Amino acid sequence: YGCTRSCGQNHGGAVTTAAQKQAQANRDTIFVQDGEILSIEAFAGDQFIMRIRAPKCAAAAEPGSFVHLTCDDSLPMRRPLSIMRVGDDWIEILYKIVGQGLRLLSQKKPGDEVSVLGPIGQPFRMSAERPNTLLIGGGVGIPPMVYIADWLRQSAEDWKPFAILGSEIPFPFELQKSSLRISGVADEVSSTMPLLESWGIPTRLTSLQGYEGCHNGYVTDLADKWLATLSAEELARVEVFACGPTPMLKAVAELAARYDLPCQVSLEEFMACAVGGCAGCAVKIVTPDGEAMKRVCVDGPVFDAATVAW
């Protein structure tokens, strides 16, 4: 019989399962530590940005990683939240209140502790052959795009990211008029995210709510307008990264396919354990051997958009 315990050994001569191999690959990459809340900022739409001191997680995280947090001692289940930024010993998350757990988390104060399990998941992988990175984030899918932008600006001079962020509730930051012009985007579409603007990363915002300076439409509408202005040579340097609601990600995948662009998406699913044990977050992925169920937590959350069975 093959061993199903967490020892990772192969007893009785049985072939090691794919799950066991994955467990071994993840060993010593995920940490549990009590994190100290350093700051909490509240924004309209029940949105919060929280900075947590968690040095082990910060040191190992990559763009696309997420954490599984305890929201309160009264709740046994953790909540998965994407990492938006990392520092020397801290991580930063953006979340919107959805349910009692995140409501309790929003009531925490600086100095309080939360248990941090992370970093978890397969990250985005950037290709040096395609440095003109198109980042598309919707709602609470914005954080991974900010993380990629931060990573790119610190990692290489040749990267030229362009971010398109969308929201149907007020953005979790003050809108700012951009001084960074983007070829192919109308001048009246001028609102940007101040943080990305300060990094010199061109960014434009979209919404159907009529926010000042925002494109009146979906993120894919604006992305399509921009991509249509690029030459074949320019398109050959573009790669798409996206995170947001599933309908948005499906639309992004279709847009990327139409322009024959590689596209990676970070999927959002409900999670119980977040470390691959319960398989409650499994989605259908097309592999060379046919369709297979993959766990968003440890096999993802980042997948090649062309392999997702939308």
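Everything numeric in this text was worked out from a predicted model, so none of it was measured. (Residues numbered from 1 in each chain as written. Predicted model: local features only at pLDDT ≥ 70, side-chain atom pairs only at ≥ 80, totals over all residues. Heavy atoms only, no water.)

K.L.:
Please set out the pairing of strand E5 (residues 90-96) residue by residue, giving values where relevant.
P.N.:
Buried residues dominate E5, accounting for 6 of its 7 residues. As defined by bridge partners, strand E2 (residues 47-53) adjoins E5 across 7 bridges and the pair is classed as antiparallel. The partner of Ile49 across the bridge, within E5, is Leu94. By the bridge criterion, 3 bridges tie strand E4 (residues 79-86) to E5 in an arrangement that is antiparallel. Within E5, the position partnered with Ile83 by the bridge is Ile93. (Buried < 20%, exposed > 50% of the residue type's maximum accessible area, 1.4 Å probe, protein only. Helix = DSSP H or I, 4+ residues; strand = E, 2+ residues; numbered from the N terminus. Pairing = 2+ DSSP bridges.)

K.L.:
Requested: an account of the packing of aromatic side chains, with residues and values cited.
P.N.:
In this structure the tally under the stated criterion is 5 aromatic pairs. An angle of 20° between the planes, with centres 5.6 Å apart, marks the rings of Phe48 and Tyr95 as stacked. Of this pair, Phe48 sits in strand E2 while Tyr95 sits in strand E5, and the two are 47 residues apart along the sequence. The same class applies to Phe48 as to Tyr95, namely buried. Here Phe124 and Phe241 contribute two aromatic rings whose centre-to-centre distance is 5.6 Å and whose plane-to-plane angle is 80°, an arrangement assigned as edge-to-face. With Phe124 in the loop between strand E6 (113-120) and strand E7 (132-138) and Phe241 in strand E13 (residues 238-243), this residue pair connects regions lying 117 residues apart in the sequence. For Phe241, a relative accessible area of 0% puts it in the buried group. Aromatic rings pair up to connect Phe171, Phe173 and Tyr211 into one cluster. (Phe/Tyr/Trp six-rings, centres within 6.5 Å; stacked < 30°, edge-to-face > 60°.)

K.L.:
Residue-level account of the sheet that holds E5, with values.
P.N.:
Read around the barrel, 6 strands follow the order E1-E2-E5-E4-E3-E6 and close on themselves; strand pairing throughout is antiparallel. Adjacent strand axes in the sheet meet at a mean angle of 45°, parallel and antiparallel pairs treated alike. Bridge count between strand E1 (residues 31-43) and E6: 6 bridges; the pairing is antiparallel. Across the sheet, residue Glu36 finds its bridge partner in E6, namely Glu113. Running at roughly 30° to E4, helix H4 (residues 142-155) makes contact with E4 and E5 of the sheet. (Axes fitted to C-alpha atoms, helices over the stretch in contact; angles between N-to-C directions. Contact = heavy atoms within 4.5 Å.)

K.L.:
Outline helix H6 (residues 219-227), listing residues and values.
P.N.:
Buried within H6 are the following residues: Val219, Thr220, Leu222, Ala223, Trp226 and Leu227. Mapping the buried residues of H6 onto a view down its axis gives an arc of 160°, with all of them on the same face. (Arc of directions from axis to C-beta.)

K.L.:
So, unusual backbone geometry: which residues are in play, and what are the values?
P.N.:
Look at the link from Gly118 to Pro119: it is a cis peptide, with omega at -5°. Relative to the helices and strands, Pro119 resides in strand E6. In this structure, Pro301 follows Gly300 across a cis peptide bond, with omega equal to 10°. The residue Pro301 is located in the loop between strand E16 (290-295) and strand E17 (302-304) in this model. One non-glycine residue with positive phi stands out, namely Asp260, at about 55°. Here Asp260 is to be found in the loop between helix H8 (246-258) and strand E14 (263-266). Notably, Ala274 is not glycine yet its phi reads approximately 70°, a positive angle. Position of Ala274 among the secondary structure elements: in the loop between E14 and strand E15 (282-287). Relative accessible area serves as the criterion here: at 1%, Ala274 is assigned to the buried category.

K.L.:
How would you explain the packing of H6 against H8 if you had to name every residue and give the values?
P.N.:
In contact at an axis separation of 10 Å, H6 and H8 are set at 15° when each is read in the N-to-C sense. One way to sum up the angle between H6 and H8 is to call them roughly parallel. For the pair H6 and H8, the crossing hand works out as right-handed. Residue-level inspection shows Val219, Thr220, Ala223, Asp224 and Leu227 of H6 in contact with H8, the latter providing Met248, Ala251, Val252, Leu255 and Arg258. Residues belonging to the contact of H6 with H8 are distributed by class as follows: 7 nonpolar, 1 polar and 2 charged. (Parallel < 35°, antiparallel > 145°, perpendicular 65-115°, else oblique. Left-handed = near helix turned anticlockwise from the far one by under 90°. Nonpolar A, V, L, I, M, F, W, Y, C, P; charged D, E, K, R; others polar.)

K.L.:
Mind laying out the environment of Gly184, listing which residues take part and the relevant values?
P.N.:
Tracing the backbone shows Gly184 in the loop between strand E9 (176-177) and strand E10 (191-192). When its relative accessible area of 36% is taken as the criterion, Gly184 is described as partly exposed. Residues Gly184 and Ala59, 125 residues apart in the sequence, show an inter-C-alpha distance of 38 Å. Leaving out residues up to four positions away in the same chain, Gly184 has contacts with Lys225 and Thr229.

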